[in-house]
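Read off the chains here:
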Amino acid sequence: MSTPDTPVIIEAAINGMTSKEKNPHAPRSPEEIREEALRCYALGATIVHAHNSDIMLTGQAAAEDYLEAWRPILSERPDALWYPTLTGAPDMAGKLDHVERIAEVVPLRMCAFDPGSTNIGQPGPDGLPVGGVYGVSYDDCRYAFAFCERLRMGPALGIYEPNSLRTTLAYHRAGKLPAGSMVKFYFGGEYGLMSTEPGVTFGLMPTEYGLLAYLDMLEGTELPWSVSVWGGDLMETPIARLALERGGHLHVGVEEFYSSDRSPTNEELVREAVELCAKVGRPVATTEETASLLGLP
């Protein structure tokens, strides 16, 4: 059970699929990723999530692209917590193949996947939604959870929709949720995941009642959880402070942030998170505390 003294885990999602055109501060090259990750760690983030230079790379090619950035980072900070994204392979085994290859070379204690499906889109010419389905089946979830269990990695679980949390809780009730699991509530901002035009988004709204609905579902599990707003500004919503007051953690970064009139750096977003923790009166977690709070293997 979290208390006012429970340290806050700050995670920085430093690039995602954010292009330089969308935010010129998004790091894309291995050199930029190295510099950005180290700056975020220095400011107080204890988890960094990063994409590599090309999400369509798979297997060994994807692993090598990640390692170009992360070998020197982990040489400097061998205890650093981080995780890559899934690749564009056609099945879950292919999407995760590079993760095992990376873990054979450098420390990797976490693994990301999203335990459910959602629609991703943007406004069409008539203002109505166009886009596609980001599909993650029950079979995909079974494979990914078993993968994390086998490699002793803590799953970083992106919860885009309430159904994704229901799936996660089914594994928890069955005693099959791997150690180190973290539930990350992804609220849909005005711009959604990919768009530079408002009006098409996903999931629950970043409101007090949206967060309370998730916490009602999570009641009694004591699973660690964080909040983020995709296609918006977490700090401009009520859920950042409410999450800290309710014992949650913060997920920030250029990957998720979007505003038509602001293009922040990751460092700015991490600083804002640290400042809010101070205002609420909760300390920022160290790397060792983060690993303990998550129960990482």
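Keep in mind that what you see is a predicted model, and the values were worked out from it rather than measured.

Caption draft 1: Focus on the nonpolar core. With 79 residues, the main nonpolar core has Trp70, Trp82, Phe185, Leu211, Trp225, Val227 and Leu250 as its most contacted residues. Top element by residues in this core is helix 2 (residues 59–76). It accounts for 7 residues. If near-sequence neighbours (up to four positions away) are discounted, Trp225 is found in contact with Met182, Val183, Phe185, Leu211, Leu215, Leu218, Ala243, Arg246, Gly247, Gly248 and His249. In terms of nonpolar packing, the next biggest core, distinct from the first, is built from 5 residues, Tyr160, Tyr186, Leu193 and Phe202 among them.

Caption draft 2: Structural detail: the pattern of salt bridges. Tallying each qualifying case throughout the model produces 9 salt bridges. We note a salt bridge from Arg101 to Asp97, for which the minimum N-O separation is 2.6 Å. In this pair, Arg101 and Asp97 are both assigned in helix 3 (residues 92–103), 4 residues apart and thus about one turn of the helix distant. Asp97 gets classed as partly exposed once you look at its relative accessible area, which sits at 28%. Glu100 is the partner of Arg150 in a salt bridge, and the nearest nitrogen-oxygen pair spans 3.0 Å. Remark: Glu100 occurs in helix 3 and Arg150 occurs in helix 4 (residues 138–151); sequence separation between them is 50 residues. Glu100 gets classed as partly exposed once you look at its relative accessible area, which sits at 25%. Ionic contacts of the salt-bridge type, sharing partners, join the residues Asp233, Arg262, Glu268 and Glu272 into one network.

Caption draft 3: Geometry of the state of the cysteines. Counted under the stated rule, the structure contains 0 disulfides. With no disulfide of its own, Cys277 has Cys40 as its nearest cysteine by sulfur position, at a separation of 14 Å. With a relative accessible area of 0%, Cys277 lands in the buried category.

Caption draft 4: Geometry of empty space enclosed by the protein. Under the counting rule described, the total for this entry stands at 2 cavities of 30 Å³ or more. Roughly 70 Å³ of internal volume is contained in the largest cavity. Every residue lining the largest cavity is listed: Val229, Gly232, Asp233, Leu234, Met235, Val252, Gly253, Glu256, Phe257, Leu269 and Glu272. Its residues placed into classes, the lining of the largest cavity shows 6 nonpolar, 2 polar and 3 charged. The computed volume of the second largest cavity comes to approximately 30 Å³. What lines the second largest cavity is Asn119, Ile120, Gly121, Gly192, Leu193, Val200, Thr201 and Phe202. For the lining of the second largest cavity, a count of residues per class yields 4 nonpolar, 4 polar and no charged.

Caption draft 5: Region of interest: the layout of surface pockets. Considering only enclosed or pocket space, the largest pocket measures out at about 670 Å³ in volume. Lining the largest pocket we find 28 residues, and of these Met17, His51, Ile55, Thr85 and Tyr160 sit closest to its centre. Elements with a contribution of two residues or more to the lining of the largest pocket: strand 4 (110–113), strand 7 (154–159) and strand 8 (182–188). For the lining of the largest pocket, the per-class residue count stands at 15 nonpolar, 8 polar and 5 charged.

Caption draft 6: A look at the pairing of strand 9 (residues 225–230). Taken across its 6 residues, strand 9 has 6 buried, putting it largely inside the fold. Residues of strand 9 alternate between two faces, with Trp225, Val227 and Val229 on one and Ser226, Ser228 and Trp230 on the opposite face, all of them buried. In terms of strand pairing, strand 8 meets strand 9 through 6 bridges, oriented parallel. Looking at strand 9, one finds that Gly188 is bridged to Trp230. Regarding the hand of the β-α-β motif, the stretch spanning strand 8, helix 6 (residues 208–218) and strand 9 is right-handed. When strand 9 meets strand 10 (residues 249–252), the two strands line up parallel, connected through 2 bridges. When the sheet's bridge partners are listed, Val227 is paired in strand 10 with Leu250. Once the chain exits strand 9 it traverses helix 7 (residues 239–245) before rejoining the sheet at strand 10, and the crossover so formed is right-handed.

What counts, and where the lines are drawn
- Residues numbered from 1 in each chain as written.
- Predicted model: local features only at pLDDT ≥ 70, side-chain atom pairs only at ≥ 80, totals over all residues.
- Heavy atoms only, no water.
- Core = buried A, V, L, I, M, F, W, Y, C linked by side-chain atoms within 4.5 Å.
- Buried < 20%, exposed > 50% of the residue type's maximum accessible area, 1.4 Å probe, protein only.
- Helix = DSSP H or I, 4+ residues; strand = E, 2+ residues; numbered from the N terminus.
- Contact = heavy atoms within 4.5 Å.
- Salt bridge = Lys/Arg side-chain N within 4 Å of Asp/Glu carboxyl O.
- Disulfide = S-S within 2.5 Å.
- 1 Å grid on protein atoms, 1.4 Å probe; cavity = no way out; pocket = protein on both sides within 12 Å on 5 of 7 lines; lining within 4 Å.
- Points joined across faces, edges and corners; volume = space filled by probe spheres on them.
- Nonpolar A, V, L, I, M, F, W, Y, C, P; charged D, E, K, R; others polar.
- Pairing = 2+ DSSP bridges.
- Right-handed = clockwise from strand over helix to strand, strands pointing away.

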